[in-house]
Amino acid sequence: MLASAIRDIKVLEPVHYEGRVTALEGLRIEAAGPQQALRLGASVRFGSETGPRGELVGFEGDRAILLACDPLEGLGPGAPVHFTSGLDAIRPSNGWLGRVIDAFAEPLDNLGPLQQGWKPRLVKSIPPNAQSRARVDQKMALGVKAIDVFAPCARGQRLGVFAGSGVGKSTIMSMLARGADADVIVIGLIGERGREVREFIEDTLGAEGLAKSVIVTATSDEAAPRRRRAAWLTLAIAEHFRDEGKQVVCFLDSVTRFAMAQREIGLAAGEPPTTRGYTPSVFAELPKLLERAGPGVTVEEGQPQGQITGLFTVLVDGDDHNEPISDAVRGTLDGHITLSRQIAERGRFPAVDILKSISRLQNLLQSPHEKAITLRARRMISLYSNMEELVRIGAYAKGADAEVDEAVRLWPKIEEFLQQDVHDVSNPDDAYAKLEAILSPPAAPQIAAPPPKKALR
């Protein structure tokens, strides 16, 4: 309790210090100032206390290394730098629902100032203790057949959507946002195209979906500290609603852009590049971000248990699903949905590759009957996938293998089942029933009874 009180006091009463710019090289700005002001992560303003924002990301001797969050045209040697001590915090409230904000929790929707809550919350917080967190065992419908049946999701689970560029990550995220069963939706659009923000709000969420959503955006043209902070802010807002006992779905599009922003910051701070140019801090920050999603701490019986169901998109570099960021994220999350370029190119959307997608909680969430349906469907898909080339060129002779014959017969129906319009919301029970009907053996043809013979006279 005492530590919490001290933290809140530091948030309430920040101290301001002034320093000076001493060097500027590329994105890197060096500044001198009072020693008590130089704290990693400190917020700064250039020129005046209301000037462009910046962040302290490292040190060079006794000088601070800064990165700007806003344009700095006209900045010169000796320009004043205003340091702010204290913890980086926000005050979210229910009044934030239906709003679109930037990385510093400032409104972008021209609807006036945000309603501030009474309790401060750290933008970059640590996940709850693993032993105190609630169990994850309650199934959650996402509204996409291919996922609900073959990679079911639980409340508080964290799933990744992995795909190359142009394969449909944003599209499937819009389907999940429309179909997810949640009290609150928090969406972070990190480093994405600027035009997508308005399209996502108006075409995907609509007025009804926006009313229970908070959207945080930092587009690709914004500075790396803004893109990184937008991801932290997205999770901080989700944590606020989770602690109020709400069922929260948190979308982050994309984790790769967050990693790229962290790489840019790390290189500017002097970190050595390692795997594919990513700095060590990237692989340290990824689990810290992703582990913030999930269940909250166990509450007393009768109290609402808040959870954050995390859905994170990953832009796979060069369609290599073993590239460093994909590999690191896949090892942290509780399951992964893989989108295939080959499936998308033949016109089936969402382009979910069933054989490469998995939920680590599948055995817990499916009944024995549902598990049997899924297992049989996976086997038929796998058999057809192995023989597809031979079937297409006519090299497979029907009758050579009865099970393969069955897979070839069922494939068009399974492919049709996996197809789903972007505006459709699927019910999991209906999806299982339809798939079971597809997998059932065909009814034996009925032979008409011969007409009765006429009696001889």
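Residues numbered from 1 in each chain as written. Predicted model: local features only at pLDDT ≥ 70, side-chain atom pairs only at ≥ 80, totals over all residues. Heavy atoms only, no water.

### Notes on the overall build of the chain
Phase 1 of the analysis: For the chain, the count of helices and strands is 13 helices and 19 strands.
Phase 2 of the analysis: Counting all 457 residues of the chain, 51% fall into the buried class.
Phase 3 of the analysis: A sequence separation of at least 24 residues applies to 71% of the contacts in the chain between residues at least 6 apart.
Phase 4 of the analysis: With the model as given, the accessible surface of the chain reaches about 22100 Å², and the carbon-plus-sulfur share is 53%.
Phase 5 of the analysis: In the chain, which carries 54 positive and 59 negative side-chain charges, the distance between the mean positions of the two groups comes to 5 Å. (Helix = DSSP H or I, 4+ residues; strand = E, 2+ residues; numbered from the N terminus. Buried < 20%, exposed > 50% of the residue type's maximum accessible area, 1.4 Å probe, protein only. Contact = heavy atoms within 4.5 Å. Areas by Shrake-Rupley, 256 points an atom, 1.4 Å probe, with all protein chains shown as cover. Lys, Arg positive; Asp, Glu negative; His and termini not counted. Charge placed at Lys NZ, Arg CZ, Asp CG, Glu CD.)

### Considerations on the packing of aromatic side chains
Phase 1 of the analysis: By the definition in use, this model includes 2 aromatic pairs.
Phase 2 of the analysis: When the ring of Y278 is compared with that of F283, the centres are 6.3 Å apart and the planes differ by 70°; the resulting orientation is edge-to-face.
Phase 3 of the analysis: Here the aromatic rings of Y384 and W411 are separated by 4.7 Å at their centres, their planes lie at 10°, and the arrangement is stacked. Residue Y384 is found in helix α11 (residues 368-392), and its partner W411 is found in helix α12 (residues 402-418); the two are separated by 27 residues along the sequence. For the pair formed by Y384 and W411, the shared burial category is buried.
Phase 4 of the analysis: In this structure, K145 packs its charged tip against the face of F417, placed 5.0 Å from the ring centre.
Phase 5 of the analysis: Here the guanidinium or amino end of R330 rests over the ring plane of F162, the centre of that ring lying 5.8 Å away. (Phe/Tyr/Trp six-rings, centres within 6.5 Å; stacked < 30°, edge-to-face > 60°. Lys NZ or Arg CZ within 6 Å of the ring centre and 35° of its normal.)

### Comments concerning helix α6 (residues 255-268)
Phase 1 of the analysis: Counted at 1.5 Å a residue, the expected span for α6 with its 14 residues is 20 Å, and the 20 Å between its end C-alpha atoms agrees.
Phase 2 of the analysis: Within the span of α6, buried status applies to V255, T256, F258, A259, A261, Q262, I265, G266 and A268.
Phase 3 of the analysis: One or two steps after α6, the chain reaches G270, where phi turns positive at roughly 100°. (Expected span 1.5 Å × (residues − 1).)

### With respect to the nonpolar core
Phase 1 of the analysis: The biggest cluster of nonpolar side chains holds 60 residues, and the ones touching the most others in it are L142, F150, I187 and F251.
Phase 2 of the analysis: Aside from chain neighbours lying at most four places away, what touches I187 is M173, F200, L205, V214, I215, V216, T234 and F251.
Phase 3 of the analysis: Residues W96, I190, C250 and V282 belong to the second largest nonpolar core, which totals 44 residues. (Core = buried A, V, L, I, M, F, W, Y, C linked by side-chain atoms within 4.5 Å.)

### A closer look at the side chain of Q262
Phase 1 of the analysis: Within the secondary structure layout, Q262 lies in helix α6.
Phase 2 of the analysis: In this view, Q262 contacts R228, T279, S281, V282 and E285; residues no more than four positions away in its chain are not counted.

### Side note on the packing of helix α5 (residues 224-243) against α6
Two numbers describe a pair of packed helices, the interaxial angle and the distance between the axes.
Phase 1 of the analysis: It is the contact of α5 with α6, at a shortest axis distance of 8 Å, that shows an interaxial angle of 135°. Relative to α6, the element α5 lies oblique. Pair α5 / α6 crosses with left-handed handedness. Contacts between α5 and α6 involve A224, P225, R227, R228, A231 and W232 from the first element and R257, F258, A261, Q262, E264 and I265 from the second.
Phase 2 of the analysis: Looking at the contact of α5 with α6 residue by residue, the class counts come to 7 nonpolar, 1 polar and 4 charged. (Axes fitted to C-alpha atoms, helices over the stretch in contact; angles between N-to-C directions. Parallel < 35°, antiparallel > 145°, perpendicular 65-115°, else oblique. Left-handed = near helix turned anticlockwise from the far one by under 90°. Nonpolar A, V, L, I, M, F, W, Y, C, P; charged D, E, K, R; others polar.)

### Re the state of the cysteines
Phase 1 of the analysis: All chains considered together, the criterion is met by 0 disulfides.
Phase 2 of the analysis: With no disulfide of its own, C250 has C153 as its nearest cysteine by sulfur position, at a separation of 12 Å. (Disulfide = S-S within 2.5 Å.)

### Regarding the sheet that holds strand β2 (residues 28-32)
Phase 1 of the analysis: Taken in spatial order, the 6 strands line up as β1-β2-β5-β4-β3-β6 and close into a barrel, and their pairing is antiparallel. The mean inter-strand angle of the sheet, taken between neighbouring strand axes irrespective of direction, is 45°.
Phase 2 of the analysis: Bridging between strand β3 (residues 43-46) and strand β4 (residues 53-60) involves 3 bridges; their strand directions are antiparallel. Across the sheet, V44 pairs through a bridge with G54, a residue of β4. (Pairing = 2+ DSSP bridges.)

### So, the side chain of S174
Phase 1 of the analysis: Inspection of the secondary structure puts S174 in helix α3 (residues 169-179).
Phase 2 of the analysis: If we ignore the near neighbours within four places in the chain, the residues touching S174 are F200, T204 and V422.

### Looking at the pattern of salt bridges
Phase 1 of the analysis: Here the structure, examined in full by the defined rule, presents 35 salt bridges.
Phase 2 of the analysis: With a closest N to O distance of 3.6 Å, R226 and D102 form a salt bridge. Placement of R226 in helix α5 and of D102 in the loop between β8 (99-101) and β9 (121-122) is noted, with a sequence separation of 124 residues between them. Taken as a pair, R226 and D102 share a single burial class, namely buried.
Phase 3 of the analysis: Within this structure, R28, E30, E60 and R63 form a network of salt bridges that share partners. (Salt bridge = Lys/Arg side-chain N within 4 Å of Asp/Glu carboxyl O.)

### Considerations on helix α7 (residues 280-290)
Phase 1 of the analysis: Residues of α7 that are buried: S281, V282, E285, L286, L289 and L290. Buried residues along α7 cover an arc of 145° about the axis, so they all sit on one side.
Phase 2 of the analysis: Turning to α7, the residues buried within the fold contact β12 (158-163), α5, β15 (247-253), α6, β17 (307-315) and α8 (324-332). (Arc of directions from axis to C-beta.)

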